[in-house]
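Here are the chains, one letter per residue:
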Amino acid sequence: MRIMNAIKWKLPLIAGCLFLTACGDFFDVDPENGASPDDFYTNNSELNSVAEGMYASLAPEVHKLFLWGSARADLVVEGDTKDVYISEFLNNTVSVINPYTDYGFLYKAIARCNHQLKNLPRMKPNGDKVTVTNMKPFYGEVYFLRAWCYFQLVRTFGEVPLLLEEISDEVTYINEAGEEVKVSTITMSDEELRAVVLKPVETQKIWTAILDDLAKARELLTGTSYNMGFNIDTDWQLIRANRLAAYTLSAEVALWNGLFDEAAALGEYVVLQGKLGVASTWSTQYTTTDAASAILYNSFGFKYVFEQGFRMQRMQEFTSPIETDGGKYLVKPKMTVCDRLFDEAKDVRTNVTYKRVNRKEVIWKYIGLDEDGKSMRDPYESIANWYLLKHADAYLIKGIAENERGNIGGAFEMLNQVREARGMQRYTRTDISLDKQTLRDLLFKEKAREDAFEGKRWYDLLLRETVLHESGIIARTVSEKYDDQNQKDEVYNRLLNEDSWYLPIEPERWK
Amino acid sequence: MKMFSKYKILFLGFVCLGIPGWVGAQEVAKGRADTTLQQVVAVPQKEKNWSEIYSLRPMFLFDRGLMGEETGVYSAYNGFVGNAGLLMIRGVTSIHLNTSPCVFVDGLPVRQAPNISPFASGVYQSNLKFINPLDIFSMRVVKNGYENVFYGGRAANGIIEVEIDKGSIGTATIDLAMRMGFSEADFSPELMNAAEYRAYLYTMMQDRGYSAGDLQQNPLFDPTQPAYRHETYWPGELNQKGLFSDVHLKMKGGDGDTHYLFSIGYTSEGEILKEAKDQRINMRFNLDFKISPKIKIANLFSYNYGNNRFWGEGTDWLHNPLYVSATKAPFMSKDYYSEEGVKVDQLAGVDVLGKTNPAALMENMENKGLSNRIDALIRATWEVDSKTSANAEIMVTYNSLTEKLHQAAEGIAVDRYIERQNAKRSYSEYLMRWRTWVDRIGQLGDVWHYDAHAGLSMDMYNEKMIYGRTVNAASDEMESLDKGKFVDSLNNTRYEHNQMNIYLSGGLTWRNRLRLGASFNLERSSNFGPDGAWNLYAGAEIRWTAWQTPGERLELFGQYGRTGNNDVRGGYYARLYKATAYYTYGGVYLGNVRNDDLRPEYTHNYDAGVNMCLFKNLLEIGASYYYRKTVGLITQKSLPIEVGLDPQYENNGEVTNQGIELSLAVNPVRKENLTWSVFATISTLKNKVDNLKNGEVVETMDKFTSVARNGEELGSFYGYKIKGIYDRTEEIDVVKSDGSAYLPGDYRVEDVNDDHRINTLDRQIIGSPIPEFYGGFGTNLKWNGLSFAALFTYSYGNDVYNLFRQRMSMMSDYSNQSRDVLNRWISAEKPGDGWLPRAAYGDPSDNFATSDRWVEDGSYLRLKSIAVQYDVPLKSRAGFVKGIKLSVNCNNLWTLTGYSGFDPEVFSGVSAMQRGVDFGATPSPQSYIFGLNLSF
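The shown structure was predicted, so the numbers you read here are calculated from the model rather than taken from an experiment.

A. Broad picture of the interface of chain A and chain B. Facing the 73 residues of chain A at the interface are 69 residues of chain B. Buried surface at the junction of chain A and chain B, summed over both partners, amounts to about 6300 Å²; 64% is from carbon and sulfur atoms. A salt bridge links Asp646 of chain B to Lys108 of chain A; the shortest N-O distance between them is 3.8 Å. Taken together, chain A and chain B are joined by 16 residue pairs in polar contact (both at pLDDT 80 or more). At the level of secondary structure, the elements contributing two or more residues to the side of chain A that touches chain B comprise helix H1 (2-22), helix H2 (44-55), helix H4 (84-90), helix H5 (104-119), helix H7 (190-196), helix H9 (236-239) and strand E4 (298-302) of chain A.

B. Seen up close, unusual backbone geometry. All names here are of chain B. At Lys616, a residue that is not glycine, the phi angle is positive and equals roughly 50°. Mapped onto the secondary structure, Lys616 falls in the loop between strand E24 (601-614) and strand E25 (619-631). One non-glycine residue, Asn617, adopts positive backbone phi at about 65°.

C. Representation of the packing of aromatic side chains within the structure. Under the defined criterion, the tally for this structure stands at 58 aromatic pairs over all chains. With a centroid separation of 5.8 Å and an interplanar angle of 65°, the aromatic rings of Phe300 of chain A and Phe302 of chain A are classed as edge-to-face. Considered together, Phe300 of chain A and Phe302 of chain A belong to a single accessibility category, that of buried residues. Relative to Tyr627 of chain B, the ring of Tyr606 of chain B lies with its centre 6.1 Å away and its plane at 50°, an arrangement referred to as tilted. Pair noted here: Tyr606 of chain B is in strand E24 and Tyr627 of chain B is in strand E25, with a separation of 21 residues, a long-range link. Take Tyr606 of chain B: its relative accessible area is 40%, and that puts it in the partly exposed class.

D. Up close: the pattern of salt bridges. All names here are of chain A. Taken as a whole and judged by the stated rule, the model has 101 salt bridges over all chains. Linking Arg349 and Glu446 is a salt bridge whose minimum nitrogen-to-oxygen distance equals 2.3 Å. Taken together, the residues span a long stretch of sequence, with Arg349 in the loop between helix H15 (335-341) and helix H16 (350-353) and Glu446 in helix H19 (residues 436-450) at a distance of 97 residues. Between Arg464 and Glu470 there is a salt bridge whose closest N-O contact spans 2.6 Å. Look at the salt bridges and you will find they share partners, linking Asp343, Glu344, Asp347, Arg349, Arg419, Arg422, Lys445, Glu446, Arg449 and Glu450 into a network.

E. Structural context of the environment of Gln485 of chain A. Residue and element names in this part refer to chain A. Note that Gln485 resides in helix H22 (residues 485-495). Judged by its relative accessible area of 46%, Gln485 is partly exposed. Spatially, the C-alpha atoms of Gln485 and Cys113 are 47 Å apart, while their sequence positions differ by 372 residues.

F. Structural context of the domain arrangement of chain A. Residue and element names in this part refer to chain A. Domain annotation for chain A reports domain 1 (44-163 + 198-510) and domain 2 (168-197). On a C-alpha basis, the centroid separation for the pair domain 1 and domain 2 is 35 Å. If you look at the interface, domain 1 gives 5 residues, while domain 2 gives 6 residues. In terms of surface lost to domain 2, no three residues of domain 1 exceed Leu198, Lys199 and Glu508, which account for 78% of the buried area on that side. At the boundary of domain 1 with domain 2, the tally comes to 3 residue pairs in polar contact (both at pLDDT 80 or more). Of the residues that constitute the side of domain 1 that touches domain 2, the class distribution is 3 nonpolar, no polar and 2 charged.

G. Spotlight on helix H18 (residues 408-421) of chain A. Residue and element names in this part refer to chain A. An ideal rise of 1.5 Å per residue puts 20 Å on 14 residues; H18 measures up with 20 Å between its terminal C-alpha atoms. By the burial criterion, the buried members of H18 are Gly410, Ala411, Phe412, Met414, Leu415, Asn416, Val418, Arg419 and Ala421. Against helix H11 (260-273), helix H17 (391-404) and H19 lie the buried residues of H18. At the C-terminal side of H18, Gly423 shows a positive phi close to 95°.

H. Here's a closer look at the sheet that holds strand E36 (residues 764-767) of chain B. All names here are of chain B. If you trace the 4 strands from one edge of the open sheet to the other, you get E31-E32-E33-E36, paired in antiparallel fashion. Only two strands of the sheet have a single partner each, and these edge strands are strand E31 (697-701) and E36. Adjacent strand axes in the sheet meet at a mean angle of 45°, parallel and antiparallel pairs treated alike. One ladder, built from 5 bridges, connects E31 with strand E32 (residues 704-708); its direction is antiparallel. Bridge pairing in E32 links Thr700 to Thr705.

The rules behind the values
Residues numbered from 1 in each chain as written. Chains lettered and ligands numbered in written order. Predicted model: local features only at pLDDT ≥ 70, side-chain atom pairs only at ≥ 80, totals over all residues. Heavy atoms only, no water. Contact = heavy atoms within 4.5 Å. Buried area = accessible area lost by both parts, 1.4 Å probe. Salt bridge = Lys/Arg side-chain N within 4 Å of Asp/Glu carboxyl O. Polar contact = N/O pair within 3.5 Å; in protein donor to acceptor, adjacent residues only side chain to side chain. Helix = DSSP H or I, 4+ residues; strand = E, 2+ residues; numbered from the N terminus. Phe/Tyr/Trp six-rings, centres within 6.5 Å; stacked < 30°, edge-to-face > 60°. Buried < 20%, exposed > 50% of the residue type's maximum accessible area, 1.4 Å probe, protein only. Domains from an automatic or database assignment. Nonpolar A, V, L, I, M, F, W, Y, C, P; charged D, E, K, R; others polar. Expected span 1.5 Å × (residues − 1). Pairing = 2+ DSSP bridges. Axes fitted to C-alpha atoms, helices over the stretch in contact; angles between N-to-C directions.

Here it is in structure tokens:
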């Protein structure tokens, strides 16, 4: 009886133990609002979706690139509606509370690049689709995109934190005793994180990181980009990193670092592809959203989808005067400055770039669907592409670099090739004085026309001011756009000061 | 396969522990009452007889009758039929998690409020529609932490235990209850009439830059125009008498071995807002039988069907019928007039001001819901001996809800790009719950008695939701989802939760005077990672009966218990990729980083009090104090932006709730044919948020903002304090947040930080939806066959944010407005009554941001119910009719309040951060219900 009793008591206990051990996976419920990263990097499409995620934070923020690179410069002024924070850019009085200075979207992309870089080695070659060679572009794209992000940051803000390793679950850093320490990220305070991994670094370190990344990107972004058994859309040659984009960006970065020989050589790579395009179809890259026209003239840029949330692209909000189309008309072209820039009748770019429509001056690039100002974009058509790197940029960068290294002939040739491709006459050697300064002015003028309102003008001025040592060029050029003499003088004096060339940073405010 | 293995485990467990021989019990058992509830520790306070209350006072949904009767229970419902309301038991414990109590119906857990967000704005379909109040046998609100240890991670917001009626021994009885009635309420805002509105519109259009010439040409300002010469009070078109009907049939009976019950009920409730209606059919079947003298099997099965039509009565102003009506130009007509001025038999379309025709909205917009629910339970009870019993049960519930929306284009204003829309949402939840437990009682020596309870339960819960909306179908007739021209949104969510609990509790009683109890509940939940999955909830109590004679008693008690909230639905502990899109391509990014430490929010509950019964049951008093501290609130931490990660969830923050609860009952007359009693309850509540290290949590809904901030009540209203209106430019010494200048006529906002700039840093706490005290009082009188009952409820110290009034005063577009705007600020010479600022299209000075101007005292005293019932004396009991009862019940007959809106009792959402906001939803109506009960 005692034995029976003992068994009676123990049986349920044993059953209970078995039960508890057997139900291990009972509690292993996959959260349904996301996917486990452990399940990724097993095939090519998973790898690719992480890659697409790297760019996702950038495309919706192109209006910031416009404010940083165009609104501050000489071609854009206040429209009929005033928004205090946008006016701060237009008037070069950007305050620390200005929400458009939030650089979070670039760091999101950087974090995702770092994540991809750390995890790519998990992807093992697998049959004929995923081979070591095919994997290269995915590495290259990380380096390219990260470099592009830091290129924006260093030129806009100066000294910023430089993150080249992923911070996710844990933060790894070297403590005062020189030991490597790992701490759970979420347990660290902002101050601790700022002290150990988020200290702003000298700009030279950032430039070095950019140069390093781009060297790798050029190496890794081969001609067979993303060839892993996908049907590669034409779009990808624009919206994903590629070899041409890497060379164009490398050339520009080299120029910014005063490496003129290198800039010329890198530009040469793009020039040899002969993709400058022709005058007759140049406008289609703006009047259509056709991928083929876009890649004819550009190597990297963002596209927009209206149906994702049915939100208008903000460039339409900024530039359109038509309220029912969602336009707020916050900015408009400064006609006198623009007219001085676009001063050649045969230039095919003039009509597409800006014009006066219904008594309103408008930046036509983002709202127009033709060259003669008749057809404007409806809200659902507000999907103008945003171009970041153009083939013509590489020609002009090479030209500028050749000019700086004393190869006047080379510079002259680049200038002429671009002129010709945009419908104008080649200069003959007697048309202009072939000195360094004149050529430099003409090359930058050409670049301004090619890239007008595309977030580049300010940086070109900054390049001339800092790298090419044209002292006061920012102040002189930008102050030109103000009609009021007091404002002109005030902005002129302010822009003589180096501090005013960089946007103020207060990241805690943007949280 | 994985699913299958889970079933296997459950089945195995059921078989193993359900077989008597496997259960560890040796001694002689005692027969136990058949209760589906937890082993109930002796509860000295007299339980309310809810089945009598519901029979006397028909309640549309049973949870609507709790406030006033029970201490510690606060509720707020609007007149929205079939909607859940706010039900708060001893305060509010969470910022981001579910804050509604969990209801256990025969052991089956159901959240009082839905788990999903509203399909149409403001619509929270009640989860409790599947219970017909007439099927309730008993109900208990479990508030104290000690008893709630049993419910572990579900108990942070209190528990309501409901036991459904079952068959009983005796001859078969049939009860037929029929009720009919109607409800009505006035919800007519005071609006400008046609002439006043026309003058106002003129100034608004002038403000927009129209010249006098333009305006003179505009037919809107010509009162002879056939289309514009009317005087329409649009909201008047919405009101109707809500009709109520309810038929309920219950049959039950049984012999010594077998008991049965079958009930079927049909309820139809019409809202006082046209077209809105809720219909329900509830069916229940119960069969209990013995398979041996010691083994009893109980079966319960119920099926419920519901369908309803509803309106989004929340902040979707374009489709909120009252708001659309109230803002429509009163000089227009719902009918279409031809250019010649002939009335055409057709509804007018969207007017030249871009406004919907409210009549077209009522006709061309349709929201429908359809629900099906099945519950089943089988329980085996083995009475091992007189002291020990063993039980095992398995229950399954499946609930599905389908909601549909069709919005035609005719007469309804386009919403951005949406001309027409068809939307559909399907939601289903499934729960399988298995439980086994052993109860044992016994004696230790001569003076000590013990009781013990041990058990194990496993829950497997699965919830799915799919939502789709397509827009701009080719025609108004195309009502199905697939007819839309393009997909506007498509959403699919799934949530799975598996949970296990191991219970152990027991008590020692000394001479029926002193009781010591302890309770443990070890819970494992799949909502947390490895370090947070196992959680122990534990509690202890001491009770001392100081004095006891027949009819008199004094008992003191002290309790502690830890409960929790494990309803964390985001996999926040896990490292997760989230979906994103780049151009048309899908991408992913690391959205969640690992947080192994994430745990449920724990609530420590301390209770102490006294229960008294004096003067031979003349006086019954309950007095207690509770202190509840919830720690480890799940809040979001924003990392520095350079880290590039989204905000992450972690346990951080505390909230305390404390209060005193008093209940008093006086029973002055207790004769056989005459009884009379008077009762009153009062509960106080103090709530405070603390230790939020990630900073305050701010939520905004339309023009309403709330905050969870250290030292303040959770969900406090957060906005500006208005100190008047600027008359002249010289008086203005502050600038707007963006640095631009205010103008005369703008509100003078208090500049809290004195930086001469009005921005979010100047927001202050401007009110709180949490009452200081609340409760009810009433009386019950029985004289022969006549019963009379009255119940008053009250709430004091809660604020209401009158968003509807704010919206009706904004003067920022061409909407008709409240009559208040006639006294707005126009100039320094015509400053109006100082209440409203200048009218300005688009509100460029943000005068109508959240502010104290719209906060009102929501205190009220309400005659909730008066009921009279007459039990017709039947001369011969031999006939087949055994009883006839006639009853009348009137609800909400009278309300005393200073609140300016339709009803101070407002329900705006279940989230802790969205309470006490008045959207102008239909108020709780006055209702008159007549009943006839027949027993056979």
